[in-house]
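# Summary of the model geometry
Listed here are the chains, written in short residue letters.
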Amino acid sequence: GFVTGFYATLYPKSNTEKAIEIGFVKILKKAQKVGIKTFDLLREDNLLKFEQLPEEYCSLMQSEEFFTKISDQGEVFYNKYIIAMNDVYGNPDIGNRFEEEKGFSTSLIRSSAAAALYVPLAKSPADTMFEPIAKEPYFETSINLPGADRPHTVTFDFQKDDALSNRIFVLVGKNGVGKTQILARLAFLISGGGTSISIEKEEADKGDKISSRGFFKNVVAFSFSAFDDFELPSEAEDSRTSYRYWGLRGEKNKLLTTDQLTSRIYSTTRNLSENRKEVFAKYLEYVTPDLNLSDITRRGAKKVIKERTSAGQRMMLATLTGLVSFLKDRSILLFDEPETHLHPSMLANLMSVINGLLEDFNSYAIISTHSPIVLQQVPSRYVRVIRRLENTPEIGSLSIETFGENFTEISQEIFDVSDYERDHKDVFIKLLSEYTAEDIIAMFNNRLGISARALLYSLDQAEHKQ
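Quick caveat: nothing in here was measured; it's all calculated off a predicted structure.

Calculation criteria
- Residues numbered from 1 in each chain as written.
- Predicted model: local features only at pLDDT ≥ 70, side-chain atom pairs only at ≥ 80, totals over all residues.
- Heavy atoms only, no water.
- Helix = DSSP H or I, 4+ residues; strand = E, 2+ residues; numbered from the N terminus.
- Buried < 20%, exposed > 50% of the residue type's maximum accessible area, 1.4 Å probe, protein only.
- Contact = heavy atoms within 4.5 Å.
- Areas by Shrake-Rupley, 256 points an atom, 1.4 Å probe, with all protein chains shown as cover.
- Pairing = 2+ DSSP bridges.
- Axes fitted to C-alpha atoms, helices over the stretch in contact; angles between N-to-C directions.
- Salt bridge = Lys/Arg side-chain N within 4 Å of Asp/Glu carboxyl O.
- Phe/Tyr/Trp six-rings, centres within 6.5 Å; stacked < 30°, edge-to-face > 60°.
- Parallel < 35°, antiparallel > 145°, perpendicular 65-115°, else oblique.
- Nonpolar A, V, L, I, M, F, W, Y, C, P; charged D, E, K, R; others polar.
- Core = buried A, V, L, I, M, F, W, Y, C linked by side-chain atoms within 4.5 Å.
- pLDDT = per-residue confidence, 0-100.
- Left-handed = near helix turned anticlockwise from the far one by under 90°.

## Let's talk about the overall build of the protein chain
Within the protein chain, the secondary structure is distributed over 19 helices and 13 strands. A buried classification covers 48% of the 466 residues belonging to the protein chain. Taking as baseline every contact in the protein chain between residues at least 6 positions apart, the subset at least 24 positions apart corresponds to 68%. As presented, the protein chain carries roughly 23600 Å² of accessible surface, and 49% of it is formed by carbon and sulfur atoms.

So, in structure tokens, the structure goes:
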């Protein structure tokens, strides 16, 4: 509801030099009300031209790229800009005076990129309403979903206590408990994004909350499902948003064809910087061992990709392309069901790729999944199980260690495997009415596994007791 945004441009004194587009900046006035445009206030105060904003105004650059551009002009220009604009990044004491203003939290630091610029400046909780940034992210969300009689409250604690990897946090649960919807809301809450006023108002009315957004500079949502709930940003390359979407949906929410997906892989990879191309090549062997970087970036690559990769490999290649393109320092990746379209061995490779890239870019991920393969590679302290008892959501931790555990144990703990074993359990019960357990094992050429034999013998004992 606050209209505070401007674009900053540097016009050099020399007519021979080109103007420099610096980026998006927000300006706020003390006691500014919802619906009031900062531009109108500046005009009323005769400040459409000024040497320095008066103390009742403050501003905040909205991205790290903005900071880089004004820094590139030299220390003199940087200092002049900070003073002239009362910029709270360059002078956090000004920010401290504005923190109680509603427009400060809901507009100036609304985007995760802007919040990330401001929050680290806090000296102590006593100095500011924002706590100093932690070494690893820690935040709590409270999200209201349709059909639930209370919010889904989840604490995401990436704190690292030992040598185990802490880059990935997993949400797991049966279909219909709200995992995908939680990720979609998180994309909005963390980034502070949204493509329209109606969406912003709709989300605000739901009362969704997040305790802190200041750690992450960038929010990247990944999904290769045709039915995900992620909002598509309308201006993906605009400096006003730190939110990016990468998946099977393109313009006007239409599903990408195979040709369009292949073209996206080709064009995005070709446009990577040389440093990022090196990172891409480093992980490419995990995805498509038969292809190298030149196969994907040279002329005619789209045909090569289509002919020499399976559908699953193209999904892996698309994932790698998006990750290398969008991840940067302190990003948060929100990945909905990475197992979609993938063979189990490919999924294991993909998890290795994700872990490696998160380390390379000092970033983190929240993944929703149904796959024991994903859980097998994440310590249980970073896993939360979402359940619903009728309309009441429950978010819990695990009683077992998932890292390296076998699939049967994971499935029994998380997915209530008794529901899934009902069919073969019923077959065993029917067979035991006519045959011994040993006869049944022989029917399978003595190849029944330990879990199946244990179930069979327990059913046989139960039958004899009766």
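Right, picking up where we left off after that structure.
## Examining the sheet that holds strand S5 (residues 152–157)
The three strands lie next to each other as S5-S4-S7, forming an open sheet whose pairing is antiparallel. Only two strands of the sheet have a single neighbouring strand rather than two, namely S5 and strand S7 (209–210). Where strand S4 (residues 138–143) meets S5, six bridges bridge the pair, whose relative direction is antiparallel. Residue pairing across strands places Phe139 opposite Phe156, the latter belonging to S5. Contacts from helix H7 (residues 179–191) reach S4, S5 and S7, with the element oriented near 120° to S4.

## With respect to the pattern of salt bridges
A full pass over the atoms with the stated rule returns 13 salt bridges. Of the charged contacts, one joins Lys217 and Glu64 as a salt bridge, the two residues approaching to 3.0 Å between their closest N and O atoms. You can see Lys217 sitting in the loop between S7 and strand S8 (218–223) and its partner Glu64 sitting in helix H2 (residues 64–71), a full 153 residues away along the chain. Residue classification places Lys217 among the buried residues on the basis of a relative accessible area of 13%. A salt bridge links Lys217 to Asp329; the shortest N-O distance between them is 3.2 Å.

## Focus on the packing of aromatic side chains
One pass over the full model with this rule turns up 17 aromatic pairs. Taken together, a centroid distance of 5.1 Å and an interplanar angle of 70° make the contact between Phe156 and Phe169 edge-to-face. In this pair, Phe156 is assigned in strand S5 and Phe169 in strand S6 (residues 168–172), connecting sequence segments 13 residues apart. According to the relative accessible area criterion, Phe156 is buried, its value standing at 0%. Overall, the relative accessible area of 0% leaves Phe169 in the buried class.

## Some thoughts on the packing of H2 against helix H3 (residues 75–85)
Axis separation between H2 and H3 bottoms out at 8 Å; the angle between their running directions is 125°. For the element pair H2 / H3, the angle class is oblique. From H2, Phe66, Phe67, Ile70 and Ser71 reach across to H3, where they touch Phe77, Tyr78 and Tyr81. Its residues assigned to classes, the contact of H2 with H3 shows six nonpolar, one polar and no charged.

## Structural notes on the nonpolar core
Counting residues in each nonpolar core, the largest one holds 82 residues, and the members touching the most others are Leu186, Leu357 and Ile366. Contacts of Leu357, omitting those with residues within four sequence positions, involve Val279, Tyr283, Leu320, Leu323, Val324 and Leu327. Counting 18 residues, the second largest nonpolar core, distinct from the first, contains Ala8, Ile22, Tyr57 and Ile70.

## Some words on the confidence of the model for the protein chain
Averaged over every residue, the pLDDT of the protein chain is 84; the share at 70 or more is 89%. Taken element by element, the predicted model of the protein chain shows its lowest mean pLDDT in helix H8 (residues 197–206) (43) and its highest in helix H1 (residues 38–44) (97). Low pLDDT, under 50, characterises residues 122–133; the stretch is placed with 23 contacts to residues that sit more than four places away or in other chains. In this model, residues 194–205 is a region of pLDDT below 50 whose contacts with residues beyond four sequence positions or in other chains number 16 contacts.

## What about the sheet that holds strand S3 (residues 57–61)?
The strand order across the open sheet built from three strands is S1-S2-S3, with neighbouring strands paired in antiparallel fashion. With partners counted over all chains shown, the strands left at the sheet margins are strand S1 (5–10) and S3, one partner each. When the angles between neighbouring strand axes are averaged without regard to direction, this sheet yields 40°. Strand contacts of H2: S1, strand S2 (20–29) and S3, with the helix running at about 115° to S2, the strand carrying the most contacts. Each of S1, S2 and S3 is contacted by H3, which is oriented at about 25° to S2, the strand it contacts most.

## Focus: unusual backbone geometry
Non-glycine residue His341 carries a positive phi angle of around 75°. Residue placement: His341 occurs in the loop between strand S10 (331–336) and helix H14 (344–360). Among the residues examined, His341 registers a relative accessible area of 47% and is labelled partly exposed.

## Describing the packing of helix H9 (residues 258–270) against helix H13 (residues 311–326)
Following both chains from N to C, one finds H9 and H13 inclined at 35°, their axes separated by 10 Å at the closest point. As H9 runs across H13, the sense of the crossing is left-handed. Counting all contacts with H9, which are made through Thr258, Leu261, Thr262, Ile265, Thr268 and Thr269, the residues of H13 involved are Arg314, Met315, Leu317, Ala318, Thr321 and Ser325.

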